[in-house]
Amino acid sequence: MRRTAEAVEEEKRKLPLFKTEEAKGKFAFSLFSSSILVGICLIWAYRLSNLPTAGDRGRWLWIGMFFAELGFGFYWILTQALRWNLVRYYPLKFNLSQSSYKLPGVDIFVCTADPTVEPPTLVINTVLSAMSLNHPTEKLSVYLSDDGGSQLTFYALLEASCFSKLWIPFCKKFNVEPRSPDAYFTHNDLHEHTADAQQRLFIKEQYEDMIKRIEAVINKGSVPEELKNQHKGFSEWDSNVTKQNHQPIVQIIIDGRDTNAVDSDGCRLPTLVYMAREKRPDCLHHFKAGAMNALIRVSSEISNSAIILNLDCDMYANNAGSIKEALCFFMDEERGHQIAFVQHPQKYNNVTKNDLYGNSSPVLHKVELPGIGGYGSAIYCGTGCFHRRTSLCGTKYSEEHKGFWNSETRKDDNRTVHELEEASKVLASCGFEKGTQWGKEMGLIYGCPVEDVVTGLAIQCRGWKSVYYNPDNAAFIGVAPPTLDIALVQFTRWSDGMFQIFLSKYCPFIYGHKKIKLGAQMGYCGYLLWAPSSLPLLYYAIVLPFSLFRGIPLFPDIRSRWFIPFAYVFVSKNIYSIAEALIFGSTFKAWWNLQRMWVHRRTTSFFFAFIDCIVRQLGLSQTTFTVTAKVVTDDVSKMYQQEIMNFGSTSIMFTVISTLAMLNLFSLIGVVVKEFVGGLECKDMEKLVSQVVLCGLMVTVNGPVYEALIVRKDKGSMPGSVMVKSIVLASLACLIP
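Source: prediction; values computed, not measured.

**With respect to the packing of aromatic side chains**
Using the criterion set out here, one finds 47 aromatic pairs in the structure. An angle of 40° between the planes, with centres 5.5 Å apart, marks the rings of tryptophan 167 and phenylalanine 170 as tilted. Of this pair, tryptophan 167 and phenylalanine 170 both sit in helix H6 (residues 151–174), three residues apart, which is roughly one turn of the helix. Here tryptophan 167 and phenylalanine 170 have matching classes, each one buried. Members of the aromatic cluster, connected to one another through ring pairs, are Tyr46, Trp62, Phe72, Tyr540, Phe555, Trp562 and Phe566. The ring of phenylalanine 491 has arginine 601 lying over it, and the distance from NZ or CZ to the ring centre is 3.9 Å.

**With respect to the packing of helix H20 (residues 534–550) against helix H26 (residues 689–701)**
At a minimum axis distance of 10 Å, the contact between H20 and H26 shows a crossing angle of 125°. Taken together, the axes of H20 and H26 lie oblique to each other. By crossing handedness, the relation of H20 to H26 is classed as left-handed. For the pair H20 and H26, contact is made by Tyr540, Ala541, Leu544, Pro545, Ser547 and Leu548 and by Gln691, Val692, Leu694, Cys695 and Met698, respectively. Class assignment for the residues of the contact of H20 with H26 results in nine nonpolar, two polar and no charged.

**Considering the UniProt feature "active site" (unreviewed entry) in the protein chain**
The UniProt record marks Asp147 and Asp452 with the feature "active site" (unreviewed entry), using the residue numbering of this structure. Along the polypeptide, aspartate 147 turns up in the loop between strand S4 (140–146) and H6. Other than its neighbours up to four places away in sequence, aspartate 147 contacts Thr112, Ala113, Lys243, Arg277, Lys279, Phe287 and Ala291. If you trace the backbone, aspartate 452 turns up in helix H16 (residues 451–461). With residues near it in sequence (within four places) discarded, aspartate 452 still touches Tyr380, Cys381 and Gly382.

**Quick notes on the nonpolar core**
Counting residues in hydrophobic clusters, the biggest one holds 73 residues, and the most contacted among them are Ile108, Val127, Trp167, Tyr274 and Phe386. Sorting elements by how many residues they give to this core places H6 first, with 13 residues. Discounting chain neighbours no more than four positions away, the residues touching phenylalanine 386 are Ile307, Ile308, Leu309, Ser322, Ile323, Ala326, Phe330, Ala340, Phe341, Val342, His344 and Phe476.

**Some words on helix H10 (residues 287–302)**
If you check H10, its first and last C-alpha atoms are 23 Å apart, about what 16 residues at 1.5 Å a residue would give, namely 22 Å. The element H10 is extensively covered by neighbouring structure, given that 13 of its 16 residues are classed as buried. Two residues or fewer after H10 comes asparagine 304, characterised by a positive phi angle close to 55°.

Quick notes on the rules
- Residue numbers here run from 1 along each chain, matching the order of that chain's written sequence.
- In view of the model being predicted, local features appear only for residues whose pLDDT reaches at least 70, and side-chain atom pairs are presented and counted only at 80 or more, with totals across whole chains, interfaces and linings using the full set of residues.
- In computing side-chain properties, one takes all heavy atoms of the structure into account and sets aside hydrogens as well as water.
- Whether two aromatic rings pair depends on their centres lying within 6.5 Å, for rings of Phe, Tyr and Trp, where Trp uses its six-membered ring; planes under 30 degrees apart make the pair stacked, over 60 edge-to-face, and the rest tilted.
- Going along the chain from the N terminus, every DSSP run of H or I of four or more residues is numbered as a helix, and every run of E of two or more is numbered as a strand.
- Only protein chains enter the area calculation, which uses a 1.4 Å probe; residues under 20% of their type maximum are buried, those over 50% are exposed, and those in between are partly exposed.
- Note on criteria: charge over ring means Lys NZ or Arg CZ within 6 Å of the ring centre, with the direction from the centre no more than 35 degrees off the ring normal.
- Geometry is summarised by axes, namely lines fitted to C-alpha atoms with helices restricted to the contacting stretch, and by angles between N-to-C directions that run from 0 to 180 degrees.
- Should an angle fall under 35 degrees it is called roughly parallel, over 145 degrees roughly antiparallel, and 65 to 115 degrees roughly perpendicular, with every other angle called oblique.
- Should the near helix be turned anticlockwise from the far one by less than a right angle, the crossing is left-handed, and should it be turned clockwise, the crossing is right-handed.
- Residue contacts are defined here by distance: any two heavy atoms, one from each residue, within 4.5 Å place the two residues in contact.
- Gly falls in the polar group here, along with every residue not listed as nonpolar (Ala, Val, Leu, Ile, Met, Phe, Trp, Tyr, Cys, Pro) or charged (Asp, Glu, Lys, Arg).
- UniProt positions are given in the numbering used here, feature names are shortened, and annotations may be inferred rather than shown by experiment.
- Take the buried Ala, Val, Leu, Ile, Met, Phe, Trp, Tyr and Cys residues and link them wherever side-chain atoms come within 4.5 Å; each set so joined is a nonpolar core.
- Expected span, for any helix, means 1.5 Å times one less than how many residues it has.

This is the structure in structure tokens:
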């Protein structure tokens, strides 16, 4: 008997759209992890059973070592939750193509805050890449939130809207990747004598002409009157408009409903909207979270798509099929209705061969962040994330979301562009959120610098699940910090905000109790406790060289059985870490660079974040937000590409780094000198071997620091004032009785 057409369609509809795959070797890893845990417990037992008696030399240093090792151990246990239940997700795009699903609309949010540190030319490349993604253009809308309220950014977006008429059909005709014009033309050789090459060269020339026009306006600092007269939107800017004081501005630059809004091939263009939410000096604007919430409301008035993708202004679309891949997770018949968001990793186009500043560790993206996936959770990282609109707006999970896609309809909206703009301005005003649940139960949550992480946690505690998806062809690519100073400041902000979450009502062990799995709670806290994790390492970095210089043993004799757990934990953890890094595509030097960066981060970024957070909890300071610079000078860029660390700043972080480096160097030199002049007996030296090894490793890790302090004379060397401070402070520490 022949099947009916309805039965065939129903069968297609039930095809799975994604699969999950558990990581192999879980049993072996469990055994290894258990052996490390036994070693850690034996270390704790040694500290307690060999505690010096009152009045003994080094008693308080010993007690401090116990608490430091207690901290190391508990933090290690938290981070292992990321590996115990590792699951990877794979979309089945072919099944989606074969199914009878109606594709939902997608709204893409791009956020920028300052045209000085985030140049408009960078921003429009991200916008153009988003506009050209492979999705029906009548169901695609791109929104730019300009928190700087800059007419320069608005002008650049107008130019980009004109260029998109050439760029979008060009991308789809030649299957261009990446979809950022700048990235594409930078990494592709177009000097071929073919018809296709000629068309590519033409598009490149048009792009370069557009960039020249934009940069000319930016260099002038204002938009000429003749250009302002070409678009009504410029009437929003007058002499009273400033970055922190202006009315809401919403301009629909391309109306996707307009049948005349077509590209050079006659195909419909996606909707393009510029938004600068209202800002007043006496109103809290809540940084990026406030901008995102305004975008959610404004987009609901104009397009109201079921799926939202948010991107930072420097994260361009690299994989043209990323929307289709994400929809496989949302639209799966059996499990898709449970998923609130699909998070992609933050990949970078400027990471050096050996990842100088540890910006993009493969282990982070292939093991640690996907590790929470086995518990039905993922960490929302603030960019490169596809959201289900309903979950982002505070809706709790319900089985009623099943089968939502085929029933989705968009109501006809016959309002004019002007009417839509005026209605949207109300939603982007300062006073709209007063007395509402926005920033509490709706939208992104306010109150800490990493509002994205706490928002993702809150969504999952409402019953939703999430996916961390790391495709082979990266969906979105951004710019990594090219200087050590910028990298450390970025981690200071992240660790500060995440520790705030841990100390708030949103602590996963409290807020997530019985709402998300224990493994997910532990995985979250592995990141939320970055700031206090600085204390054990900072204690080691100070006390070990100090005690070594004074000849105070803090570890068991190398001939003692108690030495075995110390040696086993240290050696096995590092061997495993190296093997894991090499397996997932890193190099040994990149692994070593990452170890150096973890030392620098924990002794500076995390420690200062810990202090800032505690001070803020006491009500002595307020939350601030620092926009990371996206452009650097040619000298700095060249130094970065050559993998030369840049210390050319008087930052207090560099003073701490160099002081710790000098303290360990002085102590190591001191004990070597004592050994050669006979100041140490053989049995004393045997007791100090562990401290000599650890201080030697600290000295090795800080090799680039000594070079910057003593050898180098370029712009990336340590300033003289930093060198003097570090030598004086390290010398004083050695003289402490």
